[in-house]
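Observations on the model geometry
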Amino acid sequence: WATRPDRQPGACTMLRINEATVIIDQPRQMQSLRGLLRSLRHVPHRRAVCIIGPMAGMHEVDLVDATRNIADAAGLVILHGATHEPQRMARIRAGLAQSVTPPFVIPAADEARAIDYLLNTLQPNDLAVVLTDDPVQVVSHLWPAPRISVESTSVAGVVRSTQP
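First, a word on scope: everything that follows refers to the structure included in this document. (Residues numbered from 1 in each chain as written. Predicted model: local features only at pLDDT ≥ 70, side-chain atom pairs only at ≥ 80, totals over all residues. Heavy atoms only, no water.)

1. Side note on unusual backbone geometry
To keep things clear, this is the line we draw: A run of H or I in DSSP becomes a helix once it reaches four residues, and a run of E becomes a strand once it reaches two; helices and strands are each numbered from the N terminus. Exposed residues in this analysis have more than 50% of their type's maximum accessible area, buried residues have under 20%, and partly exposed residues fall in between, with area computed by a 1.4 Å probe over protein chains only.
Residues Trp143 and Pro144 are joined by a peptide bond in cis, for which omega reads 5°. Counting through the fold element by element, Pro144 comes out in the loop between helix H5 (135-142) and strand S7 (153-155). For Cys12, which is not a glycine, the phi torsion comes out positive at approximately 55°. Secondary-structure assignment places Cys12 in the segment before strand S1 (13-17). A relative accessible area of 36% means that Cys12 is categorised as partly exposed. Notably, Asn18 is not glycine yet its phi reads approximately 50°, a positive angle. Structurally, the position occupied by Asn18 is in the loop between S1 and strand S2 (20-25). On the accessibility criterion, Asn18 (53% relative accessible area) is exposed.

Set out below in structure tokens:
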């Protein structure tokens, strides 16, 4: 059984890409995000990766707790949107830092580049969670077949060509 990504994008949409599991969700309430992150403990995986941005749908007072929970669930976080809403992003970074074992954080210029980076590094049995404010855009990027930009992608100032 699998959800149709185009019917309810961002409603905990699960995709299989290159033998890895990718979950797309649009976080709005702390309780539902906490439930999603707890459920990930029961999904067998080699490595957990999470893409997050400003999380505009989440109440600002919940951001530190939300990102601390994200940091506890993922060993790698790809963080985009650092130039937007500095106060929100400061809370997000503070939450990531409060984890018992803070994740490795890779900054990305925008969500599309964060997803391209994920697709370039995704390995079999990885678990990736994309917490997005625009699930329609993310689903169109990843489904029915993932598309990596033909242009070079830049993540954390490192330019790597995605052309063959």
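2. Focus: the nonpolar core
Keep this limit in mind: For this analysis, a nonpolar core means a set of buried residues of the types Ala, Val, Leu, Ile, Met, Phe, Trp, Tyr and Cys, connected via side-chain atoms within 4.5 Å. The contact definition used throughout considers only heavy atoms, calling two residues in contact when any of these lie within 4.5 Å.
Of all hydrophobic cores here, the largest spans 24 residues; its most connected members are Leu33, Leu40, Cys50, Ile52, Ile70, Ile92 and Leu131. Among the secondary structure elements, those contributing two or more residues to this core are helix H1 (30-39), strand S3 (48-52), helix H2 (63-73), strand S4 (76-80), helix H3 (86-97) and strand S6 (127-131). Once residues lying within four places of it in the same chain are set aside, the contact partners of Ile92 are Ile52, Gly53, Pro54, Met55, Leu63, Thr67 and Leu79. Residues Ile24, Ile106, Ile115 and Ala128 belong to the second largest nonpolar core, which totals 22 residues.

3. Quick word on the pairing of strand S5 (residues 104-108)
Rules: The pairing criterion for strands is at least two bridges between them, as found by DSSP. When the strands point away from the viewer, a crossover counts as right-handed if the path from the first strand over the helix to the second runs clockwise.
Pairing of S4 with S5, which is carried by five bridges, proceeds in the parallel orientation. From the neighbouring strand, Val77 faces S5, where its bridge partner is Val105. With H3 bridging S4 and the parallel S5, this β-α-β connection has right-handed handedness.

4. Some words on the side chain of Thr21
The condition is simple: Polar contact is the term for a pair of N or O atoms within 3.5 Å; when the atoms are in protein, one must be able to donate a hydrogen and the other to accept it, and sequence-neighboring residues count only if both atoms are side-chain atoms.
Along the chain, Thr21 falls in strand S2. By relative accessible area, which is 8% here, Thr21 ends up buried. Of note is the side chain of Thr21, whose polar atom sits 2.6 Å from the side chain of Arg16. When residues no more than four places from it in sequence are discounted, the contact partners of Thr21 are Met14, Leu15, Arg16, Asp126, Leu127 and Ala128.

Purely spatial values, then, with no claim about function.
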